[in-house]
Amino acid sequence: MSTTAVPLRPIAKGSLTRLWIGVALVALAAGGLAWAGQQGVEPSPSAFLASNGHAEGVVTTESGLQYKILEDGTGASPTTADVALVGYKGTLLDGTVFDENPQAPMPVDGVVPGFSEGLQKMKKGGKYRLWIPPQLGYGDQAAGPIPAGSVLVFDVTLHDFKSKAELMQIQQQMQQGAIPQPGR
């Protein structure tokens, strides 16, 4: 058996270097395009909450609610039998404001579960930031300007709270004329 030799032309000096530089440039360009494509894309709720849970000062409860104490309050915390007077600003992860009120009465048991849980952690005068996962907010249902499956972000100030029974008693006294009503 005989071996036939195939003549190979010599490679020009520096050709392999130029080839590897070209491969590296293509890889960098592909990486840059992939990165640029991800900008403006909101992370999934679970990815955001997993990352946020490791941020300094953020506490994650057993239910999945995340909160951060911005200013600690004093005294007792409201219960589900109370009506809280709160100031709040609600946003989506992208910063879109969907609701805001500087002073609103809210039955603690009459709001989404995550907001209720957050209120019960607060004390009078406290300011918290709440990150409410979809399952403790509106879930897979859209609610007005809030898309389905959204993480809700609230900055909340607890001004005061009273029990529902106490508020009923005050209302009865006002109706009986024992307490002057505003505007009379």
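See above for the structure.
Residues numbered from 1 in each chain as written. Predicted model: local features only at pLDDT ≥ 70, side-chain atom pairs only at ≥ 80, totals over all residues. Heavy atoms only, no water.

Engineer: What's the story with the packing of aromatic side chains in this structure? I'm lost.
Structural biologist: For any pair of aromatic rings, geometry is given as the distance between the ring centres together with the angle between the planes. As enumerated under the stated definition, the model contains five aromatic pairs in all. Where Y67 meets Y128, the ring centres are 5.5 Å apart and the plane angle is 15°; that geometry is what we call stacked. Remark: Y128 occurs in strand 5 (residues 127-132) and Y67 occurs in strand 2 (residues 66-71); sequence separation between them is 61 residues. Accessibility assignment for this pair places Y67 and Y128 in one class, buried. Plain terms: the ring middles of F98 and F154 are 5.6 Å apart, the flat faces sit at 90° to each other, and that makes the pair edge-to-face. Residue F98 is found in strand 4 (residues 97-107), and its partner F154 is found in strand 6 (residues 152-163); the two are separated by 56 residues along the sequence. For the pair F98 and F154, one class covers both residues: buried. Cluster of aromatic residues (ring-pair linked, three or more members): Y88, F98, F115 and F154. Across the ring face of F161, the terminal group of K124 is positioned such that the distance to the ring centre comes to 5.2 Å. (Phe/Tyr/Trp six-rings, centres within 6.5 Å; stacked < 30°, edge-to-face > 60°. Helix = DSSP H or I, 4+ residues; strand = E, 2+ residues; numbered from the N terminus. Buried < 20%, exposed > 50% of the residue type's maximum accessible area, 1.4 Å probe, protein only. Lys NZ or Arg CZ within 6 Å of the ring centre and 35° of its normal.)

Engineer: Before we go on, may I ask you to explain the pattern of salt bridges in this structure?
Structural biologist: In a structure, side chains of opposite charge can pair up when their charged atoms sit close to one another. As enumerated under the stated definition, the model contains five salt bridges in all. For D109, the salt bridge goes to K164, with nearest N and O atoms at 2.7 Å. One end of the pair, D109, is in the loop between strand 4 and helix 3 (113-121); the other, K164, is in helix 4 (residues 164-175), with 55 residues separating them in the sequence. For D109, a relative accessible area of 46% gives the class partly exposed. The partly exposed category is assigned to K164, whose relative accessible area is 29%. As a salt-bridge pair, D155 and R129 come within 2.5 Å of each other at their nearest N and O atoms. Taken as a pair, D155 in strand 6 and R129 in strand 5 lie far apart in primary sequence, 26 residues in all. Residue classification places R129 among the partly exposed positions, given a relative accessible area of 28%. (Salt bridge = Lys/Arg side-chain N within 4 Å of Asp/Glu carboxyl O.)

Engineer: How should the sheet that holds strand 1 (residues 58-60) be read in this particular structure?
Structural biologist: Overall, antiparallel pairing links the six strands, which are arranged 1-2-5-6-3-4 in an open sheet. Strands with a single pairing partner mark the edges of an open sheet, and in this sheet they are strand 1 and strand 4. Put simply, the sheet's adjacent strands are angled 25° from each other on average, direction ignored. Relative to strand 2, strand 1 runs antiparallel, the two sharing three bridges. Considered in strand 2, the bridge of V59 is made with Y67. Those strands touched by helix 2 (residues 45-52) are strand 1, strand 2 and strand 5, and its axis lies near 140° from that of strand 5. Relative to the sheet, helix 4 contacts strand 3 (82-91), strand 4 and strand 6, its axis offset from that of strand 6 by approximately 55°. (Pairing = 2+ DSSP bridges. Axes fitted to C-alpha atoms, helices over the stretch in contact; angles between N-to-C directions. Contact = heavy atoms within 4.5 Å.)

Engineer: Before we go on, may I ask you to explain a nonpolar patch on the surface in this structure?
Structural biologist: On the surface, L16, L19, W20 and V23 cluster together into a nonpolar patch covering about 450 Å² of accessible area. With respect to the helices and strands, the residue W20 is situated in helix 1 (residues 15-38). (Patch = residues over 30% accessible without salt bridge, like charges linked within 9 Å, V, L, I, M, F, W, Y side chains within 5 Å. Areas by Shrake-Rupley, 256 points an atom, 1.4 Å probe, with all protein chains shown as cover.)

Engineer: What exactly am I supposed to notice about the nonpolar core here?
Structural biologist: Looking at soluble globular proteins, one finds that nonpolar side chains tend to be buried together. Residues F115, L130, I132, F154 and V156 are the most contacted members of the largest nonpolar core, which totals 24 residues. Elements with a minimum of two residues in this core: strand 3, strand 4, helix 3, strand 5 and strand 6. If we skip the residues at most four places from it in the chain, V156 touches V86, G87, Y88, F115, L119, M122, G126, K127, Y128 and L130. Among the nonpolar cores identified, the runner-up in size contains six residues, and F48, L49, W131 and V151 belong to it. (Core = buried A, V, L, I, M, F, W, Y, C linked by side-chain atoms within 4.5 Å.)

Just distances and angles here, no functional claims.
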